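Structural description and commentary
Listed below, chain by chain, are the residues.
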Protein chains: 2
Amino acid sequence: MTTAAETVNVSTGNLEQSLTALFGDLGMTQDNARQCASDMVLTNLWGIDSHGVLRLPIYVQRLEANVIKANPDIVTRDGRSSFEVMDGDGGMGYVVGHHAMKRAIELARQNGIGAVAVRNSNHYGAAALYAQQATQAGLIGISMTNVKPNLVVPGGSKPITGNNPLAFGAPTNRGFPLMLDISMSAVAGGKLLLASEKGEKIPLDWATDRNGRPTDDPDAGFEGFLLPLGGHKGFGLSLMIDILCGIISGGAHQFDIKSMYGAPDATSETGHMMIAIDPTIAMDESEFLDRMDAFYRTIKSSPMWDATKKMYIPGEIENETRLARQRDGIPLTVSLLAEVNEILQRYQISPLLPAV
Amino acid sequence: MTTAAETVNVSTGNLEQSLTALFGDLGMTQDNARQCASDMVLTNLWGIDSHGVLRLPIYVQRLEANVIKANPDIVTRDGRSSFEVMDGDGGMGYVVGHHAMKRAIELARQNGIGAVAVRNSNHYGAAALYAQQATQAGLIGISMTNVKPNLVVPGGSKPITGNNPLAFGAPTNRGFPLMLDISMSAVAGGKLLLASEKGEKIPLDWATDRNGRPTDDPDAGFEGFLLPLGGHKGFGLSLMIDILCGIISGGAHQFDIKSMYGAPDATSETGHMMIAIDPTIAMDESEFLDRMDAFYRTIKSSPMWDATKKMYIPGEIENETRLARQRDGIPLTVSLLAEVNEILQRYQISPLLPAV
């Protein structure tokens, strides 16, 4: 017997084909459907299970209601040489995000650096997807998005800024990029649940109770609010990202951004900022990759006081997880698998099967 | 009677004139001398007393030894449209940094965004100085620099990356910019000293002992190493900054960067990255400033559970400190004042006098 928290592994190919068919049936062009499916699968391959397939039900609900446009008419509204501003037409965030980074990459190839700010988009999944788009083109990529305020600043009694994520990726010659993907909260909510399960207290700088007061009780924290990474440091970085994604794009910022869960029937008006930088201005590509390799080896050579631990560069654990899951399949909880299969059934698509 | 830790206030004008004269006597052009003096004074006006005049003795030592070039011949080595790479010629960091941001501003005005990576520079003081240079031109500014590794990553037994600071500034219509200036350590070393003085323990994610093991003893932490902001998050941001400042500039990175204290007789080979972004691509300047004002007011309107506290945007406390110190003078410890006056005396410059 399985419980709802137990997982079943599903093969990458099975999942990607089913999602591509589903997004097609939801009205997407073949290109858009493939993009969304492969983004969601890649996110789970990396082990970022807080995104990926977990978000399928809300995406489907919003696509069915035409709240998210399956094939948005993304338009460049303004621009000057290396920096353009786009309107995402309330489109699926994956489609809008890749469209914007594609243009930032073109601008970087022409001009050394390229930036595209986007307004009027929706949830775009893991920020790393777009930074990786740049690294696959041989460029450095930076991707950011704003979200509805969900962080309390120390001393405040209600959330005042979002945990606005940022990803940074740089190419390497190791088969995977250096890839940082972080949000501006001290920790993710999942860490509070974990502490609660273990019966542990949490540090006072992780979360607050419902009134904004710092708490060491993970349950009170889960009912309350998260605090920013390093207090004023994460708070400031969060504001930086909202200014770059929301203010200068001419789009929504702060409380004008909507949550797809809190306001499922409205465009989220999410903003993004995509920056691509050509690392070969002062050197050729092979020299750049050699320098990145020296950089990587210096970090990996760090002596560890705890011999059971290894030093990882950002993105390295995600790459190891990807290789393991490509071999063994992607673990989905029994309850999520049932939910996905119920959706697939409605569209007469074969259910996902456990990987052999 | 005064002790060495007590402070004496010195007037802004007195300090700035004396430093300008001193840098002139150390061989700087009038422009360079004025720039360095006003940078150092502004840093102290902001209350960033860990930089500013505190660093004068080492700067003077290095300028006297011709280790830092007073009037560097800064050269653009490579470039493509919006992104240029400069060699700082081992010059004074303030001079090199402003030269690079000046060019980034020109590039942003032409192209919407401009970036300048710099190699072969030296300590450039507070990162905010260069972000503010951009905000004074009506642009968004981002400034970063790399430093010799001084942060231990959790599990490691020696420092492996620098606390590489980053500043972000955006113009406002309030007489001061939104200005974030942070380093990538969880806290500054001064916080450990403060906890030690108060006899308090420190959180386990602030610092390690000399072997890299996390400690809650502030004295052991002060003898050991600092940990990155939020563990892997600050570690990744630190790597991002070193890649942008050190790798793609063709300059030094990681252990090839030198500390001006640890290696006073060598160019530090510091790298910088300056980015300027024109916020008026999708709107005119007054609309942008109106949007920034709405942004500011939303943050300021946050209800506080602790009525004795106020919500500040980044840069606001520094602005209040600036106004107070312009009125009352800049506090220097008695020991620092004596050290500065000893230097001034060697150059036959009148000693600094207590502000009236």
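Residues numbered from 1 in each chain as written. Chains lettered and ligands numbered in written order. Predicted model: local features only at pLDDT ≥ 70, side-chain atom pairs only at ≥ 80, totals over all residues. Heavy atoms only, no water.

Under the definition given, this model contains 30 salt bridges over all chains. With its nearest N and O atoms 2.8 Å apart, the salt bridge here joins Arg103(A) to Glu106(A). One end of the pair, Arg103(A), and the other, Glu106(A), are both in helix H4 (residues 93-111), 3 residues apart, so they sit about a helical turn from each other. Arg103(A) gets classed as partly exposed once you look at its relative accessible area, which sits at 23%. Asp293(B) is paired through a salt bridge with Arg297(B); the nearest N and O atoms lie 3.2 Å apart. Taken as a pair, Asp293(B) and Arg297(B) lie in helix H9 (residues 285-300) at a separation of 4 residues, close to a single helical turn. Members of the salt-bridge network, linked through shared partners, are Glu64(A), Glu342(A) and Arg346(A). (Salt bridge = Lys/Arg side-chain N within 4 Å of Asp/Glu carboxyl O. Helix = DSSP H or I, 4+ residues; strand = E, 2+ residues; numbered from the N terminus. Buried < 20%, exposed > 50% of the residue type's maximum accessible area, 1.4 Å probe, protein only.)

This part is about a negative patch on the surface. Residue and element names in this part refer to chain A. Together, Asp284, Glu285, Glu287 and Asp290 make up a negatively charged patch on the protein surface. Mapping glutamate 285 onto the fold places it in helix H9 (residues 285-300). On the basis of relative accessible area, glutamate 285 is assigned to the partly exposed category, the value being 49%. (Patch = residues over 30% accessible without salt bridge, like charges linked within 9 Å, V, L, I, M, F, W, Y side chains within 5 Å. Areas by Shrake-Rupley, 256 points an atom, 1.4 Å probe, with all protein chains shown as cover. Lys, Arg positive; Asp, Glu negative; His and termini not counted. Charge placed at Lys NZ, Arg CZ, Asp CG, Glu CD.)

Residues and elements named next belong to chain A. With a phi close to 55 degrees, serine 81 is a non-glycine residue in the positive phi region. When you line up the elements, serine 81 lands in the loop between strand S2 (75-80) and strand S3 (83-87). Accessibility expressed as a relative area gives 35% for serine 81, which makes it partly exposed. A positive phi angle is found at glutamine 348, which is not glycine, with a value near 55 degrees. Checked against the element boundaries, glutamine 348 lands in the segment after helix H11 (334-346). With a relative accessible area of 74%, glutamine 348 lands in the exposed category.

What follows deals with helix H2 (residues 30-45) of chain B. Residues and elements named next belong to chain B. When the terminal C-alpha atoms of H2 are compared, their 22 Å separation across 16 residues agrees well with the 22 Å that a helix rising 1.5 Å per residue should span. Those residues of H2 that sit buried are Asn32, Ala33, Cys36, Ala37, Asp39, Met40, Val41, Thr43, Asn44 and Leu45. Buried residues belonging to H2 abut helix H1 (12-25), helix H3 (56-64), helix H4 (93-111), helix H5 (128-136), helix H10 (316-328) and strand S11 (330-333). Looking one or two places after H2, you find glycine 47, whose phi comes out positive at around 90 degrees. (Expected span 1.5 Å × (residues − 1). Contact = heavy atoms within 4.5 Å.)

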